[in-house]
Amino acid sequence: MRSQTISLFVSLFALSGCMTDQERIIADPAPASRIAEGRKATNACVSNMPDTSRTEAALVSAGFAKTTEESTGAGSLNFANSYASSDGTVVATIGSQGQNEKLCLVRIAGMTPEQSLSLAQPWAQAYGAQTNAERGQGLARNAVQAWGSMENDRIVFIAALKNWRADDVPGGAVRMIHIQR
């Protein structure tokens, strides 16, 4: 049952980034200032996950403002809160399914796949994660790269995404799923 729950949670987030819309893949890099703002969000996640309350507080301290709050029923996310930079071009979403499964997703308007890869690498390094290729797995079509790390107390999945289809502004994203065992 536990593995089914983990699979369901991972599937929810994997599906959100599986489809590649070639028209939404950015060729010209986002400004360095926007990537720096995104790095603030990814730093808040890597420094504080799986504690979502601390992660959200770190986002606010870094200048992000809460834009949406959702609580959902059983079988899906328990909650997902989004925080945006002052100009709205960087959005971080913190979510949870149950007590053990947490999400950090950072979307950046105009971010290229290469910038997405660069933004996700500190997460992979922090968790000592291996690439999907090193773990004998393939990539979703929308992934630039994906990593995984399994320890006795946790599992972490990280992905650098070419684009994000959930909103109207094209750009890349990075996603981390943190599962406490």
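Let us look at the structure shown here. The structure displayed is predicted, hence computed values, not measured ones.

What counts as what
Per chain, the residues get numbers from 1 upward, laid out in the order the sequence is written. In view of the model being predicted, local features appear only for residues whose pLDDT reaches at least 70, and side-chain atom pairs are presented and counted only at 80 or more, with totals across whole chains, interfaces and linings using the full set of residues. Side-chain numbers come from the whole structure's heavy atoms, not from hydrogens or water. Here a helix means four or more residues in a row that DSSP labels H or I, a strand means two or more in a row labelled E, and each is numbered from the N terminus. Whether a residue is buried, partly exposed or exposed follows from its accessible area with a 1.4 Å probe, protein chains only, as a fraction of its type maximum: under 20%, in between, or over 50%, in that order. Contacts are assigned to residue pairs that have any heavy atoms within 4.5 Å of one another. The protein chains shown are the only cover counted for residues, whose accessible areas, like all others here, come from Shrake-Rupley with a 1.4 Å probe. We call two strands paired when DSSP finds no fewer than two bridges between them. Take the number of residues in a helix, subtract one, and multiply by 1.5 Å to get its expected span. Throughout this description, the term salt bridge denotes a Lys or Arg side-chain nitrogen within 4 Å of a carboxyl oxygen of Asp or Glu.

### Quick look at the overall build of the chain
Thinking step 1. Helices and strands together make up the secondary structure of the chain, namely four helices and eight strands.
Thinking step 2. The 181 residues of the chain split such that 46% are buried.
Thinking step 3. Sequence separation of 24 or more characterises 56% of the internal contacts of the chain that already satisfy a separation of 6 or more.
Thinking step 4. Put simply, the chain shows about 8,600 Å² of open surface, and 50% of that area lies on carbon and sulfur atoms.

### Some remarks on the environment of Asn-163
Thinking step 1. Along the chain, Asn-163 falls in the loop between strand E7 (154-161) and strand E8 (171-180).
Thinking step 2. Considered as a pair, Asn-163 and Ile-25 are 138 residues apart in the sequence and their alpha carbons are 5.6 Å apart.

### Overview of the pairing of strand E3 (residues 90-97)
Thinking step 1. Burial runs high along E3: eight of the eight residues are buried.
Thinking step 2. Summarising the sheet, strand E2 (residues 79-84) and E3 pair through six bridges and their orientation is antiparallel. When the sheet's bridge partners are listed, Asn-81 is paired in E3 with Ile-94.
Thinking step 3. Connecting E2 to the next strand, E3, in antiparallel fashion are five residues, including Gly-88 with a positive phi near 75°.
Thinking step 4. Between E3 and strand E4 (residues 101-109), which pair antiparallel in sequence order, lie three residues; one of them, Gly-98, sits at a positive phi of approximately 70°.

### Concerning helix H2 (residues 32-48)
Thinking step 1. Taking 1.5 Å of rise per residue, 17 residues should cover 24 Å, and H2 covers 24 Å from first to last C-alpha, within 8% of that figure.
Thinking step 2. Burial in H2 covers these residues: Ile-35, Glu-37, Gly-38, Ala-41, Thr-42, Ala-44, Cys-45 and Asn-48.
Thinking step 3. Close packing links the buried residues of H2 with helix H3 (52-61), E3, E4, helix H4 (113-126) and E8.

### Quick word on the pattern of salt bridges
Thinking step 1. Within this structure, the stated rule accounts for one salt bridge.
Thinking step 2. Among the ionic pairs, Glu-37 bridges to Lys-40, the shortest N-O distance being 3.4 Å. Here Glu-37 and its partner Lys-40 are both found in helix H2, three residues apart, which amounts to about one turn of the helix.

Don't take any of this as a statement about function, it's just geometry.
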